[in-house]
Protein chains: 2
Amino acid sequence: MVTAVSSLALVGHKLSENELQQITELQLTATEDDHGGVIVEMNKPVEPEVFACTLRASISLWRKQGKRGVWIKIPIELVNLVEAAVKQGFWFHHAEPKYLMLAYWIPEGSHTLPANASHVVRVGAFVMNEKREVLVVKEKCGIFLRTGEWKLPTGTVEEGEDVCTAVVREVKEETAIDTEFLEVLAFGESHQSFFQKSELFFLCILRPVSFDIQEQESEILAAQWMPWEEYLAQPVVQESELLKLTADICLAKKDENYSGFSPFPTKLRFTDQKSHLYLNYQDLKRQ
Amino acid sequence: MVTAVSSLALVGHKLSENELQQITELQLTATEDDHGGVIVEMNKPVEPEVFACTLRASISLWRKQGKRGVWIKIPIELVNLVEAAVKQGFWFHHAEPKYLMLAYWIPEGSHTLPANASHVVRVGAFVMNEKREVLVVKEKCGIFLRTGEWKLPTGTVEEGEDVCTAVVREVKEETAIDTEFLEVLAFGESHQSFFQKSELFFLCILRPVSFDIQEQESEILAAQWMPWEEYLAQPVVQESELLKLTADICLAKKDENYSGFSPFPTKLRFTDQKSHLYLNYQDLKRQ
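In this text, all values refer to a predicted model and were calculated from it rather than measured experimentally.

Reading the values: the criteria
- Within any chain, residue numbers begin from 1 and follow the written order of that chain's sequence.
- Whichever chain is written first is A, and whichever ligand is written first is 1; the rest continue in order.
- The predicted origin of the model limits local features to residues at a pLDDT of at least 70 and limits the giving and counting of side-chain atom pairs to 80 or more, whereas totals for whole chains, interfaces and linings rest on all residues.
- The side-chain figures draw on all heavy atoms in the structure; neither hydrogens nor water molecules are used.
- Whether two strands pair depends on DSSP finding at least two bridges between them.
- Helix and strand definitions follow DSSP, with helices as H or I runs of at least four residues and strands as E runs of at least two, each counted in order from the N terminus.
- Fitting a line to C-alpha atoms yields each axis, with helices limited to the stretch in contact; the angle taken between N-to-C directions then spans 0 to 180 degrees.
- Relative accessibility thresholds used throughout: buried, under 20% of the residue-type maximum; exposed, over 50%; partly exposed, between the two (1.4 Å probe, protein chains only).
- As used in this structure description, the phrase polar contact means that two N or O atoms lie within 3.5 Å; if the pair is within protein, one of them must be able to donate a hydrogen and the other to accept it, and residues adjacent in sequence are counted only when both atoms belong to side chains.
- Residues below a pLDDT of 70 in either copy are left out; the C-alpha atoms of the rest, at least 70 in both, set the least-squares superposition of the copies.
- Contacts: residue pairs with any heavy atoms within 4.5 Å of one another.
- Using a 1.4 Å probe, buried area is obtained as the accessible area two parts lose upon being combined, added over both of them.
- Each reported salt bridge corresponds to a side-chain nitrogen of Lys or Arg within 4 Å of a carboxyl oxygen of Asp or Glu.
- Between rings of Phe, Tyr and Trp, where Trp is taken as its six-membered ring, a pair exists when centres lie within 6.5 Å; planes separated by under 30 degrees are stacked, by over 60 edge-to-face, and by other angles tilted.
- Remark: nonpolar core denotes a set of buried residues (Ala, Val, Leu, Ile, Met, Phe, Trp, Tyr, Cys) joined through side-chain atoms within 4.5 Å.

1. Describing the sheet that holds strand β5 (residues 99-105) of chain B
Residue and element names in this part refer to chain B.
Then comes step 1: With respect to topology, five strands assemble into an open sheet ordered β1-β2-β3-β5-β4, the strand pairing being mixed. A strand with exactly one partner marks an edge of an open sheet, and here the two such strands are β1 (30-32) and β4 (91-96). Neighbouring strand axes in the sheet, compared pairwise and without regard to direction, differ in orientation by 20° on average.
Then comes step 2: Pairing of β4 with β5 involves five bridges; the strand directions are antiparallel. Bridging from a neighbouring strand, A95 pairs with L100 of β5.

2. Side note on the side chain of B:N129
Residues and elements named next belong to chain B.
Then comes step 1: If you trace the backbone, N129 turns up in the loop between β6 (119-127) and β7 (133-139).
Then comes step 2: N129 sits in the buried class, given a relative accessible area of 8%.
Then comes step 3: Within the structure, the side chain of N129 is placed 2.9 Å from the backbone nitrogen of K131, a separation counted as a polar contact.
Then comes step 4: At 2.8 Å, the side chain of N129 forms a polar contact with the side chain of E133.

3. Re the relation of the copies chain B and chain A
Then comes step 1: For the pair chain B and chain A, the relating rotation is 180°, the translation along its axis is 0.1 Å, and the fit reaches an RMSD of 0.1 Å. Taken together, the turn and the small shift mark the pair as related by a two-fold rotation axis.
Then comes step 2: Comparing interface residues between copies, 100% of those in chain B also lie at the interface in chain A; the contact surface is shared.

4. Looking at the pairing of strand β3 (residues 69-75) of chain B
Residue and element names in this part refer to chain B.
Then comes step 1: Summarising burial for β3: six of the seven residues are buried, a large majority.
Then comes step 2: Alignment of strand β2 (residues 38-41) against β3, held across four bridges, turns out to be parallel. Note that in β3 the partner of V38 across the bridge is V70.
Then comes step 3: Here seven bridges tie β3 to β5, and the two strands are oriented antiparallel to one another. The residue bridging W71 from the neighbouring strand is A103, located in β5.

5. Notes on unusual backbone geometry
Then comes step 1: Positioned with a positive phi, A:R132 is a non-glycine residue whose angle comes to about 60°.
Then comes step 2: Relative to the assigned elements, A:R132 resides in the loop between β6 (119-127) and β7 (133-139).

6. Observations concerning the interface of chain B and chain A
Then comes step 1: Contacts between chain B and chain A engage 90 residues on the former and 90 residues on the latter.
Then comes step 2: With both sides pooled, the region where chain B packs onto chain A buries about 8,000 Å², and carbon together with sulfur makes up 67% of that total.
Then comes step 3: The largest per-residue losses of area from chain B upon contact with chain A belong to B:F92, B:F187 and B:R269, which jointly make up 10% of the total buried on that side.
Then comes step 4: Here chain B and chain A share two salt bridges between them.
Then comes step 5: Counting across the chain B and chain A interface gives 31 residue pairs in polar contact (both at pLDDT 80 or more).
Then comes step 6: When residues of the side of chain B that touches chain A are assigned to their parent elements, the largest contribution, nine residues, is made by strand β9 (residues 179-194) of chain B.

7. A word on the environment of A:L55
Residue and element names in this part refer to chain A.
Then comes step 1: Topologically, L55 is positioned in helix α3 (residues 48-64).
Then comes step 2: In this structure L55 comes out as buried when scored by relative accessible area, which is 3%.
Then comes step 3: Separated by 117 residues in sequence, L55 and K172 have C-alpha atoms that sit 48 Å apart.

8. Re the packing of aromatic side chains
Then comes step 1: Scanning the entire structure with this criterion turns up 23 aromatic pairs over all chains.
Then comes step 2: Seen from their ring centres, A:F211 and A:W225 are 6.0 Å apart, and the 40° between their planes marks the pair as tilted. Taken together, the positions of A:F211 in the loop between β10 (197-208) and β11 (220-227) and A:W225 in strand β11 put the pair 14 residues apart, joining distant regions of the chain.
Then comes step 3: Relative accessible area serves as the criterion here: at 44%, A:F211 is assigned to the partly exposed category.
Then comes step 4: Residues A:F264 and A:Y281 carry aromatic rings whose centres are separated by 5.7 Å and whose planes lie at 35° to one another, so their mutual orientation is tilted. Taken together, the residues span a long stretch of sequence, with A:F264 in strand β12 (residues 262-267) and A:Y281 in helix α10 (residues 281-286) at a distance of 17 residues.
Then comes step 5: Through a chain of ring-to-ring contacts, the aromatic side chains of A:F181, A:F187, A:F202, A:F261, A:Y278, B:F181, B:F187, B:F202, B:F261 and B:Y278 assemble into a single cluster.

9. Here we look at the nonpolar core
Then comes step 1: By size, the foremost hydrophobic cluster in this structure holds 102 residues, and its most contacted members are A:V184, A:F202, B:V184 and B:F202.
Then comes step 2: Setting aside residues up to four positions removed in sequence, A:F202 forms contacts with A:V121, A:R122, A:V123, A:G124, A:V163, A:V184, A:A186, A:F187, B:F187, B:L200 and B:F202.

Here you go:
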């Protein structure tokens, strides 16, 4: 904090009581991370000039302390501080609707900060009842409105959500059907699905435990239990290599001895967080 | 463009030749997307006031045209325009080191814009030679420097990169060993691995096709072919439920009939982009 004040004094800036107060508060929000760096979470308005000056002084201080990466999280309400950070050499690391994370690297050489998230993760649900009817939906918007096809329920895995939880949630949201997760049958990857980002898609099999459909109003035009042969006979399925292949896999699971990956409970290293490893349990237990 | 000019005139702003030119150029950069929205890529400096005014006028125009989502991509050099967009109601959608993407939703109700990327995707490589030695590395930084353990080579999948390409690249980069991708043996998920983001980790088996190790200087302290029993005997492996489980899977693949997912070539729908579906090929072909 002394450094920040000295730095302002050095550039001949007279400090008001208010500015001194602002500098003190800014310094207090810096916390250390686990990788020799610091994280500053901005949460109170501050004049951009004061912010710029304090930041410059803080970086000098952190450099002396041998710090490496510097993170600044700026909530959208304090967007007027972004320019000052960039002028100081910070770059955009990632952003969410309500904040922008900027990063800076103090040591010589290229940084070793973690990469931004690169993938959107999606799930699709194969849910068949005992009459060999498959749970399908028609979507209200996007590309599937144009094709008009009956398709397996799909959705996006949220941050912090497990694949096996996400797919059960999506089926419930879109159709009100309760299910139990069984296996990941296959997964695919595609690129440039939106801007530069990539996408992973997990095809999952779920066992239905309720059967009365109620469509989600906002996204779903219609949902039904459709005879499998009728689903397969749709021209869009017949014309798509990918849809035919996924249908083959679903049927191999249902009628043959196809083994996908099922979630096996385990603990992560370092954090002891509970997690799953998705693996071919059928083959592993055969040993 | 007329609308933008009128809007500036309405607020009693006298347009200079230069400002008129700037408005014309800004309008020209707006292109339509596939979902009834527009994308504006800022690429030339413009006064923030002119930008704000043009943006306001453009939104009126797009509203009349029935447009939905509006994207503005601001390169880091033009960071002085970010505040103006936020004041207009834009929010942060995502960011990369060199740009910030802002989004705005014109219709009533909640937006249906795609979510930001939520996951970092990582890969680990199980590479064993014919002497039952496994390819292991010691890392120079991060948490593994502290544990000092010999570990399987790992790395991050880049945007636009396939899992099966990424893991071969990482092994090559870290050890100079050439490999052929065989299968994904299992995958795990963890959360809050960095900020709010989640992580998917794919354990892969690769077949080595070259054997002379050369360590990557920047990240790797040492690399070697280590007898499998010696790898297993490390205390860190013995103490970790997760490492023991992954070792079991690797061995089940090597010595038993464990079947993972191998990449099967297919084509994506809608784009005809070539892709892979990772599936249990051994089980599928048994049919």
